[in-house]
Amino acid sequence: MTIATTAVADMADAAQILLNTIRRPVIMVGPEGHITYANADAEDFFRSSATMLARNTLAKLIPFGSPLLALVDQVRDRRTPVNEYRVDVSSPRLGIEKVVDLYAAPVPEFPDSVVVMFQERSMADKIDRQMTHRGAARSVTGLAAMLAHEIKNPLSGIRGAAQLLELSASDEDRALTRLITDETDRIVSLVDRMEVFSDERPIDRYPVNIHVVLDHVKAIARNGFANRIKVVEDYDPSLPSVYGNRDQLIQVFLNLVKNAAEAIGSDPLGEITLTTAFRPGIRVSVPGTQDRVSLPLEFCVHDNGSGVSEDILPILFDPFITTKPNGSGLGLALVAKIVGEHGGIIECESTPRGTTFRVLLPAWKEPTAESHEGYRP
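Within any chain, residue numbers begin from 1 and follow the written order of that chain's sequence. Owing to the predicted nature of the model, reporting of local features is limited to residues with pLDDT of at least 70; listing and counting of side-chain atom pairs is limited to 80 or more, with chain, interface and lining totals taken over all residues. As a rule here, side-chain values cover all heavy atoms of the structure and leave hydrogens and water aside.

Focus: the overall build of the protein chain
Next, step 1: What the protein chain contains, in helices and strands, is eleven helices and 14 strands.
Next, step 2: Burial classification: accessible surface area is computed with a 1.4 Å probe over protein chains only, and a residue below 20% of its type maximum counts as buried, one above 50% as exposed, and the rest as partly exposed. Buried residues in the protein chain amount to 40% of all 377 residues.
Next, step 3: What makes two residues a contact is simply this: any of their non-hydrogen atoms within 4.5 Å. Within the protein chain, contacts between residues separated by at least 24 positions form 63% of all contacts whose residues are at least 6 apart in sequence.
Next, step 4: In short, Shrake-Rupley with a 1.4 Å probe defines the accessible areas, and a residue's cover is counted only from the protein chains shown. Working note: accessible area of the protein chain is about 21,300 Å², and carbon and sulfur atoms make up 55% of it. Segments assigned H or I by DSSP are reported as helices when at least four residues long, segments assigned E as strands when at least two residues long, and all are numbered from the N terminus.

Some thoughts on the packing of aromatic side chains
Given two aromatic rings, their pairing is described by the distance between the two centres and the angle made by the two planes.
Next, step 1: In this scheme Phe, Tyr and Trp rings, the latter by its six-membered ring, pair at centre separations within 6.5 Å, and the angle between planes marks the pair as stacked below 30 degrees, edge-to-face above 60, and tilted otherwise. Under the criterion given, the structure shown has six aromatic pairs.
Next, step 2: Ring centres 5.7 Å apart and planes at 85° place the aromatic pair Phe-46 and Phe-118 in the edge-to-face group. Taken together, the residues Phe-46 in helix α2 (residues 40-46) and Phe-118 in strand β5 (residues 114-120) connect sequence positions 72 residues apart. Phe-118 carries the same exposure label as Phe-46, and that label is buried.
Next, step 3: Taking 5.6 Å as the distance between ring centres and 55° as the angle between the ring planes, the aromatic pair formed by Tyr-243 and Trp-364 counts as tilted. One end of the pair, Tyr-243, is in strand β8 (residues 242-244); the other, Trp-364, is in the segment after β14 (354-361), with 121 residues separating them in the sequence.

Brief notes about helix α9 (residues 210-222)
Next, step 1: Residue count minus one, scaled by 1.5 Å, sets the expected span of a helix. Here α9 spans 18 Å end to end across 13 residues, near enough to the 18 Å set by a 1.5 Å rise per residue.
Next, step 2: Here the buried face of α9 lies against β6 (206-208), β7 (230-234), β8, α10 (246-264), β9 (271-278) and β12 (297-303).
Next, step 3: We define a polar contact as two N or O atoms separated by no more than 3.5 Å, with the added condition that, inside protein, one atom must be a possible hydrogen donor and the other a possible acceptor, whereas residues neighbouring each other in sequence contribute only through side-chain atom pairs. Where α9 begins, the capping side chain belongs to Asn-209, and its oxygen is found 2.9 Å from the backbone nitrogen of His-211.

Some details on the nonpolar core
Nonpolar side chains tend toward joint burial in soluble globular proteins.
Next, step 1: Grouping buried Ala, Val, Leu, Ile, Met, Phe, Trp, Tyr and Cys residues that are joined through side-chain atoms within 4.5 Å yields what is termed a nonpolar core. Grouped together as the largest cluster of nonpolar side chains are 41 residues, with contacts concentrated most on Phe-253, Leu-256 and Ile-272.
Next, step 2: Counting residues per element, the ones that place at least two in this core are β6, α9, α10, β9, β12, α11 (331-341), β13 (345-351) and β14.
Next, step 3: By residue number, the principal contributor to this core is α10, which donates ten residues.
Next, step 4: Residues Ala-42, Leu-61, Leu-71 and Val-82 belong to the second largest nonpolar core, which totals 25 residues.

Re the sheet that holds strand β2 (residues 35-38)
Next, step 1: Pairing between two strands is assigned when DSSP locates at least 2 bridges connecting them. Strand order in the open sheet formed by five strands is β2-β1-β5-β4-β3, and the pairing between neighbours is antiparallel. Two strands bound the open sheet, and with one partner strand each, they are β2 and β3 (82-88). Between one strand axis and the next, the sheet turns by 25° as a mean value, whatever way the strands run. Lines are fitted to the C-alpha atoms to define the axes, a helix being fitted only along its stretch in contact, and any angle between axes, read from their N-to-C directions, falls within 0 to 180 degrees.

Overview of α11
Next, step 1: Among the eleven residues of α11, nine are classified as buried, and the element is accordingly described as predominantly covered.
Next, step 2: For α11, every residue scored as buried is listed here: Leu-332, Ala-333, Leu-334, Val-335, Ala-336, Lys-337, Ile-338, Val-339 and Gly-340.
Next, step 3: In the segment just after α11, Gly-343 is the residue with positive phi, at about 75°.

Regarding the environment of Ser-350
Next, step 1: Here Ser-350 is to be found in strand β13.
Next, step 2: Overall, Ser-350 belongs to the buried group, its relative accessible area being 19%.
Next, step 3: Sequence separation of Ser-350 and Gly-307 is 43 residues, and the distance between their C-alpha atoms is 5.4 Å.
Next, step 4: Among residues more than four places away in sequence, those in contact with Ser-350 are Gly-307, Val-308, Leu-313 and Thr-355.
Next, step 5: Engagement of the side chain of Ser-350 in a polar contact is seen with the backbone nitrogen of Val-308, the distance being 2.6 Å.

A closer look at the pattern of salt bridges
Next, step 1: A pair is scored as a salt bridge if a Lys or Arg side-chain nitrogen falls within 4 Å of a carboxyl oxygen belonging to Asp or Glu. Tallied over the full model, the rule gives nine salt bridges.
Next, step 2: The partner of Lys-230 in a salt bridge is Glu-271, and the shortest N-O contact between them spans 3.9 Å. Of the two residues, Lys-230 is situated in strand β7 and Glu-271 in strand β9; the sequence distance between them amounts to 41 residues.
Next, step 3: In this structure Lys-230 comes out as exposed when scored by relative accessible area, which is 51%.
Next, step 4: Using a relative accessible area of 27% as the deciding quantity, one classes Glu-271 as partly exposed.
Next, step 5: One connected set of salt bridges, linked through shared partners, spans Glu-298, Glu-349 and Arg-358.

Here you go:
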């Protein structure tokens, strides 16, 4: 084998490795419609090996009349890249409700060949829902500021008047004045809880060891609301630090673990699982800046309770949404607000066999010589 041949083979191997690291299905469609290349994710997507895919044309693998075929023809004819969004490729082979975004481009080195990259809508829809969660939290921010001023002051006067009436009231009427004071106290307490949403100060962020945070949360849970529930850990000890605020992250995971404990209830077989992992991240905008950060750190709180009903799941992080008899519906809204302010994403997946809250957060990066912003020794 000549040096030139060896160099070409090495470049081909490098290209194969590179494309396999892209966590999106990527295929190349030849002039006759055959799949001449497929990366590892494409093999998973089409549920077939690259060798088997090469024996078929694209038309045999996707639903009849799919816009994907027209897209490939368009790219081949015009020789320009094309994006197509929300393309339904559902089929018995690919699965039901399979909706993808497509990017197709010509390959100049291989005439009439087209490379196609698929992005399943699940991740894109998660980002869309996360933007909705943040908008809902902002709506509570304005409501909290208004309530603090417009409601708490009149309530103070009502409570004071009820206390004065109690001094000269009969026993029967005294029960009514106490009801008035108790109810005003309850409303003030609710407003106080909402006032946390009106705090728009920048978050003081620094490197945080998430396992220290989770150990602290677990200790609180074991000595309180989850003292009879088994808590299982599945941690990746090599994770880098989170770029976040320790106290606020404790609040996030304490709320999630408490929510999990309440979902389990008195089930003697109840179990909460805490997991940490490094995942290929996505890039999202950091609120209040033009920066975009990767979210490679994944933290999950899983319970084996009865799950969340399908009608509640899409609005679970909206304020005042709760299935608890005495709940205010602000706990998960606060979680969504804090995670959003950290530049992260929170998602909930639920089945009748359990619920998983998944939090994606940015990792801490050492400050460069030019910038020490956010550094805490």
